Amino acid sequence: MADEALFQFLHNEVIQYIYKSAEYGEMENGRCITKLENMGFRVGQGLIERFTKDTARFKDELDVMKFICKDFWTSVFKKQIDNLRTNHQGIYVLQDNKFRLLTQLSAGKQYLEHAPKYLAFTCGLVRGGLSNLGVKSIVTAEVSVMPACKFQVMIQKM
């Protein structure tokens, strides 16, 4: 429980630091979101190395995504993804009905505009983890009702 609270506080402070230290133009063109995503990417790379060092190789990208949804997500957020969907053509949708990094925000509609800055790190986290597993991807997030969110993973064919 304590480590979960520490992670949430650290995440909030990193967001506040990046936005407070940014110049006005950086906030307008999304550089803050990019910085957060790049930080998440590097953390995701490191975490996936640690989590998979004693794991057998994955046979396909669906197995990789199942690992991300079960083991990786559980290690980081203390719960599994609530729903994984795919079109079997390289697009996966990961749904978390009570995303831990959004639960501290009010569920009101007025906070929906702030949701992207709280999801950017996690998008990078997933993208970095997939990258180290040999899966190039684009990860985006969407929130329609707080604190539920959907992460869309588009696999880039090489």
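Everything numeric here is computed off the predicted structure, so don't read it as measured data.

Rules used in this analysis
Residues numbered from 1 in each chain as written. Predicted model: local features only at pLDDT ≥ 70, side-chain atom pairs only at ≥ 80, totals over all residues. Heavy atoms only, no water. Core = buried A, V, L, I, M, F, W, Y, C linked by side-chain atoms within 4.5 Å. Buried < 20%, exposed > 50% of the residue type's maximum accessible area, 1.4 Å probe, protein only. Helix = DSSP H or I, 4+ residues; strand = E, 2+ residues; numbered from the N terminus. Contact = heavy atoms within 4.5 Å. Phe/Tyr/Trp six-rings, centres within 6.5 Å; stacked < 30°, edge-to-face > 60°. Lys NZ or Arg CZ within 6 Å of the ring centre and 35° of its normal. Pairing = 2+ DSSP bridges. Axes fitted to C-alpha atoms, helices over the stretch in contact; angles between N-to-C directions. Bend = angle between axes of the 7 residues up to and from the residue. Salt bridge = Lys/Arg side-chain N within 4 Å of Asp/Glu carboxyl O.

## Considerations on the nonpolar core
The biggest cluster of nonpolar side chains holds 40 residues, and the ones touching the most others in it are L94, F99, L102, L130, F151 and V153. Secondary structure elements with two or more residues in this core: α1 (2-21), α3 (31-52), α4 (61-77), β2 (91-96), α5 (115-132) and β4 (149-155). Discounting chain neighbours no more than four positions away, the residues touching V153 are M65, G90, I91, Y92, L94, V126, L130, S137, I138 and V139.

## As for the packing of aromatic side chains
Under the defined criterion, the tally for this structure stands at 8 aromatic pairs. Summarising the aromatic geometry, the rings of F7 and F77 are spaced 6.1 Å apart at their centres and angled 65 degrees between planes, so their arrangement reads as edge-to-face. A residue pair is termed long-range when its members are at least 10 positions apart, and F7 in helix α1 and F77 in helix α4 qualify at 70 residues. Linked through ring pairs, F7, W73, F77, F99 and F151 together constitute an aromatic cluster. A cation over a ring is seen here: K117 above Y19, with NZ or CZ 4.8 Å from the ring centre.

## Quick word on the pairing of β4
Judged by which residues are buried, β4 turns out to be one-sided: C149, F151, V153 and I155 face inward and are buried, whereas K150, Q152 and M154, on the alternate face, are not. Inspection of the sheet shows β2 paired to β4 by 6 bridges, in the antiparallel sense. Bridged to Y92 within β4 is V153. Strand direction decides the pairing type here: strand β3 (residues 137-142) and β4, joined by 6 bridges, are antiparallel. Bridging from a neighbouring strand, T140 pairs with Q152 of β4. The antiparallel hairpin formed by β3 and β4 contains 6 residues in its connecting segment.

## What to know about the environment of M154
Position of M154 among the secondary structure elements: in strand β4. A residue is classified by how much of its surface remains accessible, and M154, at 32% relative accessible area, is partly exposed. Those residues in contact with M154 that sit more than four places away from it in its chain are G90, I91, K136, S137 and I138.

## Regarding the sheet that holds β3
Taken together, the 4 strands give an open sheet; going across it, the order is β1-β2-β4-β3, and neighbouring strands pair in antiparallel fashion. Lying at the two open borders of the sheet, with one neighbouring strand each, are β1 (83-86) and β3. Pairs of neighbouring strands in the sheet enclose a mean axial angle of 20 degrees, with direction left out of account.

## Focus on α4
Where α4 bends most, at I68, the angle is about 35 degrees. Of the positions making up α4, those classed as buried are V64, M65, F67, I68, C69, F72, W73, V76 and F77.

## Quick look at the pairing of β1
In terms of strand pairing, β1 meets β2 through 4 bridges, oriented antiparallel. Bridged to R85 within β2 is V93. Hairpin geometry of β1 and β2 is characterised by an intervening segment of 4 residues between the two adjacent antiparallel strands and by a positive phi of about 60 degrees at H88.

## Some remarks on the pattern of salt bridges
Enumeration over the complete set of coordinates arrives at 4 salt bridges. A salt bridge links K79 to D82, with the shortest nitrogen-to-oxygen separation between them at 3.1 Å. Look at D82 and you get partly exposed, because its relative accessible area is 39%. Of the charged contacts in the structure, one is a salt bridge between K79 and D96, with a shortest N-O distance of 2.6 Å. Of this pair, K79 sits in the loop between α4 and β1 while D96 sits in strand β2; the two residues are 17 residues apart in sequence, bridging distant segments of the chain. The exposure classification of K79 matches that of D96, with both residues buried. A cluster of three or more residues bridged by salt bridges with shared partners is formed by K79, D82 and D96.

Take it as geometry only, folks, not as evidence of what the structure does.
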